[in-house]
Amino acid sequence: TGGSFLYHLENNQVVVGLIVDLSYGNAFLSPFDEFQRYKHHPVIKQYLEGGKRVAYGARAICKGGLNSLPKMVFPGGALIGCDLGTLNFAKIKGSHTAMKSGMLAAEAVADALLADGQGGDLLNGYVDGFKASWLYDELFRSRNFGPALHKFGPLVGGGINWLDQNIFGGKIPFTLHDTKPDYACLKPAAESKRIDYPKPDGKLSFDKLSSVFLSNTNHEEEQPCHLKLTDASIPLSVNLPKWDEPAQRYCPAGVYEVVTQESGEKKFQINAQNCVHCKTCDIKDPSQNITWVAPEGTGGPNYPNM
Ligand SMILES: Cc1cc2nc3c(=O)[nH]c(=O)nc-3n(C[C@H](O)[C@H](O)[C@H](O)COP(=O)(O)OP(=O)(O)OC[C@H]3O[C@@H](n4cnc5c(N)ncnc54)[C@H](O)[C@@H]3O)c2cc1C
Ligand code: SF4
């Protein structure tokens, strides 16, 4: 499952994107290369031909919805927007829901201050306000969308979704759950079909490095690597033999490389300065060995028009 979008902007600009569901199984799949190939589809190509590539970016979409919401509050703080997971996956829209969660949290903060709160409070008013709001209702109505597609595939799952959305208004009397994490869906390389992606033509499709350059990503040098490996040996000792180290492909910025040194020995290289902060590695590493942490300073991509 997945999706795509194409928006027309002012000054004859076009924003095109491909959404690759991170529950994919083929260890050789490369979301970046799928996107390059997608741009050659006649329907998309007609809008891109003769144009100039001006920007590039990538971002994991928090699509778990209602069934994946963590605890919303902690002493003195609250999670809002995509940090909480309020995106409506059925519509792939999360701006209005993020705003609403922020408004509900702000109202709860105001109530706590007016009640002479001394800080460090648990904002339970935010949780209650959320449950009573249209936001909860909207997320409730879309709760089955992802699990239905993941469990039953696009045909049967799509049918269930059609029934749920159009006949039951999102209130079909059962709730489906995604119980398998995305990283656990990756099949070993031996069970995956190799994919030979076409070479980029430099007009519609491009290589990773020149694309990353256009993300304007920047990290101050001489800082600790913000991509933490729990066990530095796993990429070569486990991931390489079992999954052909999929980080080489799922990372859309070419951060992870398996390089062969002059001695013939292999080395797992992390080009952390190229990271566009999409968080895919944290989600998709099949060994769950990578933790993305905020880098020092204000490092990261700098997307134009955003
Ligand atoms: C490709 C794509 C297309 C989308 N299309 C749509 C659409 O058409 N319609 C729609 O409604 N939704 C869409 N969404 C979803 C929508 O963008 C998000 O749901 C929404 O932006 C979430 O808002 P937010 O404020 O929670 O988080 P964000 O918009 O992600 O804002 C978080 C902010 O925090 C900043 N930040 C992060 N870490 C730090 C730090 N350590 N210090 C300081 N600042 C930090 C980030 O730079 C960012 O500006 C799309 C998402 C993607 C990825
Ligand atoms: S290193 Fe991780 S967060 Fe950074 S671009 Fe690659 S996959 Fe995304």
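The preceding data block contains the structure.
Residues numbered from 1 in each chain as written. Chains lettered and ligands numbered in written order. Predicted model: local features only at pLDDT ≥ 70, side-chain atom pairs only at ≥ 80, totals over all residues. Heavy atoms only, no water.

Asker: Would you take a moment to explain the site of ligand 2 for this structure?
Answerer: In the vicinity of ligand 2 lie 14 residues, with Cys251, Cys275, Cys278, Lys279 and Cys281 positioned nearest. Considering only residue class, the shell around ligand 2 consists of 11 nonpolar, 2 polar and 1 charged. (Near = heavy atom within 4 Å. Nonpolar A, V, L, I, M, F, W, Y, C, P; charged D, E, K, R; others polar.)

Asker: Honestly, the site of ligand 1 in this entry has me stumped. Any pointers?
Answerer: In the vicinity of ligand 1, the residues found are Phe5, Tyr7, Arg59, Ile61, Gly81, Cys82, Leu87, Ile92, Lys93, Gly94, Ser95 and Ala98. In this structure, an oxygen atom belonging to ligand 1 sits 2.7 Å away from a side-chain N or O atom of Tyr7. Here ligand 1 loses 42% of its free accessible area of 1,000 Å² to cover by the protein chains. Listed by contribution, the elements that provide at least two residues to the shell around ligand 1 are strand 1 (2–9), helix 3 (81–84) and helix 4 (95–114). Looking at side-chain class alone, the shell around ligand 1 contains 7 nonpolar, 3 polar and 2 charged residues. A domain split of the shell around ligand 1 shows at least three residues from each of domain 1 (2–59 + 188–292) and domain 2 (65–182). (Polar contact = N/O pair within 3.5 Å; in protein donor to acceptor, adjacent residues only side chain to side chain. Areas by Shrake-Rupley, 256 points an atom, 1.4 Å probe, with all protein chains shown as cover. Helix = DSSP H or I, 4+ residues; strand = E, 2+ residues; numbered from the N terminus. Domains from an automatic or database assignment.)

Asker: How should I be thinking about the nonpolar core in this particular structure?
Answerer: Generally speaking, nonpolar side chains in soluble globular proteins are found buried as a group. Grouped together as the largest cluster of nonpolar side chains are 29 residues, with contacts concentrated most on Leu227, Tyr250, Val255 and Tyr256. Elements with a minimum of two residues in this core: helix 9 (234–243), helix 10 (247–250), strand 6 (256–260) and strand 8 (290–292). If sequence neighbours within four positions are ignored, Tyr256 has contacts with Leu227, Ala247, Gln248, Cys251, Phe268, Gln269, Ile270, Cys281 and Ile290. Judged by nonpolar contacts, the second largest core, of 14 residues, contains Leu84, Ala108, Phe130 and Leu139. (Core = buried A, V, L, I, M, F, W, Y, C linked by side-chain atoms within 4.5 Å. Buried < 20%, exposed > 50% of the residue type's maximum accessible area, 1.4 Å probe, protein only. Contact = heavy atoms within 4.5 Å.)

Asker: So what exactly am I meant to see when it comes to a nonpolar patch on the surface here?
Answerer: Judged by side-chain polarity, Trp162, Leu163, Ile167 and Phe168 come together as a nonpolar surface patch covering roughly 420 Å² of accessible area. Relative to the assigned elements, Phe168 resides in the loop between helix 7 (145–166) and helix 8 (208–213). (Patch = residues over 30% accessible without salt bridge, like charges linked within 9 Å, V, L, I, M, F, W, Y side chains within 5 Å. Salt bridge = Lys/Arg side-chain N within 4 Å of Asp/Glu carboxyl O.)

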